[in-house]
Amino acid sequence: MSGGDVRLARAYLSRVAEPPAPALSEFVAECGPVEAARRVRSGDVPGSVANQTSARRGEYRAEEDLAAVEEIGGRLVVPEDDEWPEWPFNALTIAAAHGLRCGLAPLAVWVRGSGDLAALTERSVAVVGSRSATGYGQHVAAEFGFGLAEAGVTVVSGAAYGIDGAAHRGALAAGGPTIAVLACGVDIAYPAGHQGLLERIPRHGLVVSEYPPGCRPARYRFITRNRLIAALGEGTVVVEAGRRSGAKNTAASTSALGRVLMAVPGPVTSSTSSGCHELLRSGEAQPVTSVAEIIESTGRLGVDLVEATRNTEVGLPQGEALRVYEALGLRSGTSAEAISIESGVELSRVRALLPELELIDLAERVDAGWKRSHEGSSRGDT
């Protein structure tokens, strides 16, 4: 049995059943992927496996799928590969053994990008939240993404609008790695408005899916993929989430897998933070307000400790954002170039931070450039 046979078998099996497929997974574990694929194609399988595979068992497109993903710079990663993330996916296997709905490791994953999946998930954190994010939430998610990437932590998310996209963009702005887990094939840009983002991510990380090329997104597939987001991070940060948010599903999977669950407090009047507040009030999640606190919660015991005196007030500018904010005039506008010189922050980063400061009413665009907003001015200098 060659490695090519195994890859072809798992490529076929990834298409033949809608994940998660517990009966098929158990059958593959018993027979091996090549024999399991042969028997599925012939229909020589137990009834439970037939129930999950009979509708698609004639869909043999393994060579075609492998060629399609290779054409876009991708590949199929299988459990027999060195880059298979054994430890993250082992948590799914254990969860399945205990009958948890979030359990079951994928039979294989399709990836796009040159990064090594196992290496990228050695130190990683998932950042998730509402699609209908507020300016506050997007600012926090972008800053978390940037700070985690700067610290060498891979940012895992789902490439959705709102919090997910902000976290990915923050990581990319820092030149760090990020992983987008999709509920469709890695050759499909979903959402369509994030096509550019999904083209950039493979240059610094990976786009990942357990669905084969050409597979379209569907509502139930988002719930299924959320368990992979939870598994691929050492912990999950929920930045904003309503009471019925999909991010709360990822949060539930995180807790079930024994991962660290964190949530960001938001304004008590904001419905987009009500889910976070429920997680905090129930004790299911621990509050985090800075990158340092996230790293302390998910990092190495006794090493990644946050400084006790650190100012961790979320919503106000920190780090480079604070330097850019301090360089803004109170009355007249200043160009981005002048702000870059005054703050010592790279021009491209200044141009990225100014709209974020505008979103949280700390800066406003005027004819001559940028100035502090009236609300930002009323807060006074820090």
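Residues numbered from 1 in each chain as written. Predicted model: local features only at pLDDT ≥ 70, side-chain atom pairs only at ≥ 80, totals over all residues. Heavy atoms only, no water.

The name that an unreviewed UniProt entry assigns to the protein is DNA-processing protein DprA, with the source organism given as Saccharothrix mutabilis subsp. mutabilis. Under the Sequence similarities (unreviewed entry) heading, UniProt states for the protein: "Belongs to the DprA/Smf family." (UniProt positions renumbered as here; feature names shortened; annotations may be inferred.)

Attention now goes to unusual backbone geometry. In this model, Pro 19 is joined to Pro 20 through a cis peptide bond whose omega is -5°. A cis amide bond links Tyr 190 with the next residue in sequence, Pro 191, at an omega value of 0°. Relative to the helices and strands, Pro 191 resides in the loop between strand 5 (178-181) and helix 10 (195-204). A positive phi angle, close to 65°, is found at Ala 159, a residue other than glycine. Take Ala 159: it is sitting in the loop between strand 4 (154-157) and helix 9 (163-173). With a relative accessible area of 0%, Ala 159 lands in the buried category. (Helix = DSSP H or I, 4+ residues; strand = E, 2+ residues; numbered from the N terminus. Buried < 20%, exposed > 50% of the residue type's maximum accessible area, 1.4 Å probe, protein only.)

Right, let's talk about the sheet that holds strand 4 for a bit. Taken together, nine strands build an open sheet; the order of strands is 1-2-6-5-4-3-7-8-9 and the sheet is mixed. Both edges of this open sheet fall to strand 1 (74-77) and strand 9 (286-287), since each of them pairs with a single strand only. Contacts from helix 8 (residues 135-150) reach strand 3 (124-128), strand 4 and strand 7 (235-238) within the one sheet, and its direction differs from that of strand 4 by about 140°. Strand contacts of helix 13 (residues 274-282): strand 7, strand 8 (260-263) and strand 9, with the helix running at about 125° to strand 8, the strand carrying the most contacts. (Pairing = 2+ DSSP bridges. Contact = heavy atoms within 4.5 Å. Axes fitted to C-alpha atoms, helices over the stretch in contact; angles between N-to-C directions.)

With that settled, the discussion passes to the packing of aromatic side chains. Across all of its chains, the model carries three aromatic pairs by this definition. Between Tyr 12 and Tyr 60, the aromatic rings sit 5.3 Å apart at their centres with planes inclined by 40°, giving tilted as the arrangement. Of this pair, Tyr 12 sits in helix 1 (residues 3-16) while Tyr 60 is found in the loop between helix 4 (47-53) and helix 5 (62-71), placing the two residues 48 residues apart along the sequence. A relative accessible area of 1% places Tyr 12 in the buried class. Given a relative accessible area of 28%, Tyr 60 falls into the partly exposed group. Between Tyr 190 and Phe 222, the aromatic rings sit 5.8 Å apart at their centres with planes inclined by 50°, giving tilted as the arrangement. Taken together, the residues Tyr 190 in the loop between strand 5 and helix 10 and Phe 222 in helix 11 (residues 219-232) connect sequence positions 32 residues apart. A relative accessible area of 16% means that Phe 222 is categorised as buried. Here the basic side chain of Arg 131 rests over the ring of Phe 222, its NZ or CZ set 5.4 Å away from the ring centre. (Phe/Tyr/Trp six-rings, centres within 6.5 Å; stacked < 30°, edge-to-face > 60°. Lys NZ or Arg CZ within 6 Å of the ring centre and 35° of its normal.)

Of all hydrophobic cores here, the largest spans 35 residues; its most connected members are Leu 13, Leu 24 and Val 40. At the level of elements, helix 1, helix 2 (22-31), helix 3 (33-42), helix 5 and helix 10 are the ones that each hand at least two residues to this core. Take this core: its biggest share by element is five residues, from helix 1. If we skip the residues at most four places from it in the chain, Leu 24 touches Leu 13, Val 16, Ala 17, Val 40, Val 49, Gln 52, Thr 53 and Leu 107. With 34 residues, the next largest nonpolar core counts Val 109, Ile 179, Ile 229 and Ala 251 among its residues. (Core = buried A, V, L, I, M, F, W, Y, C linked by side-chain atoms within 4.5 Å.)

It is worth spelling out the pairing of strand 6 (residues 206-209) at this point. Where burial is concerned, the two faces of strand 6 agree: the one with Leu 206 and Val 208 and the one with Val 207 and Ser 209 are both buried. Judged from the three bridges that link them, strand 5 and strand 6 form a sheet pairing that is parallel. When the sheet's bridge partners are listed, Ile 179 is paired in strand 6 with Leu 206. After leaving strand 5, the chain enters helix 10 and then returns to the sheet as strand 6, a path that is right-handed. (Right-handed = clockwise from strand over helix to strand, strands pointing away.)

The next thing to look at is the packing of helix 16 (residues 336-343) against helix 17 (residues 347-359). Two elements in contact, helix 16 and helix 17, have axes whose closest approach is 9 Å; the angle formed by their N-to-C orientations is 110°. When the axes of helix 16 and helix 17 are compared, the pair comes out roughly perpendicular. In terms of crossing hand, the pair formed by helix 16 and helix 17 is right-handed. Seen from helix 16, the contacting residues are Ala 336, Glu 337, Ile 339, Ser 340 and Ser 343; seen from helix 17, they are Leu 347, Val 350, Arg 351 and Leu 354. (Parallel < 35°, antiparallel > 145°, perpendicular 65-115°, else oblique. Left-handed = near helix turned anticlockwise from the far one by under 90°.)

Let us look at the pattern of salt bridges. Per the stated rule, a full pass over the model turns up 17 salt bridges. A salt bridge links Glu 143 to Arg 349; the shortest N-O distance between them is 3.3 Å. Of this pair, Glu 143 sits in helix 8 while Arg 349 sits in helix 17, and the two are 206 residues apart along the sequence. Accessibility expressed as a relative area gives 18% for Glu 143, which makes it buried. (Salt bridge = Lys/Arg side-chain N within 4 Å of Asp/Glu carboxyl O.)

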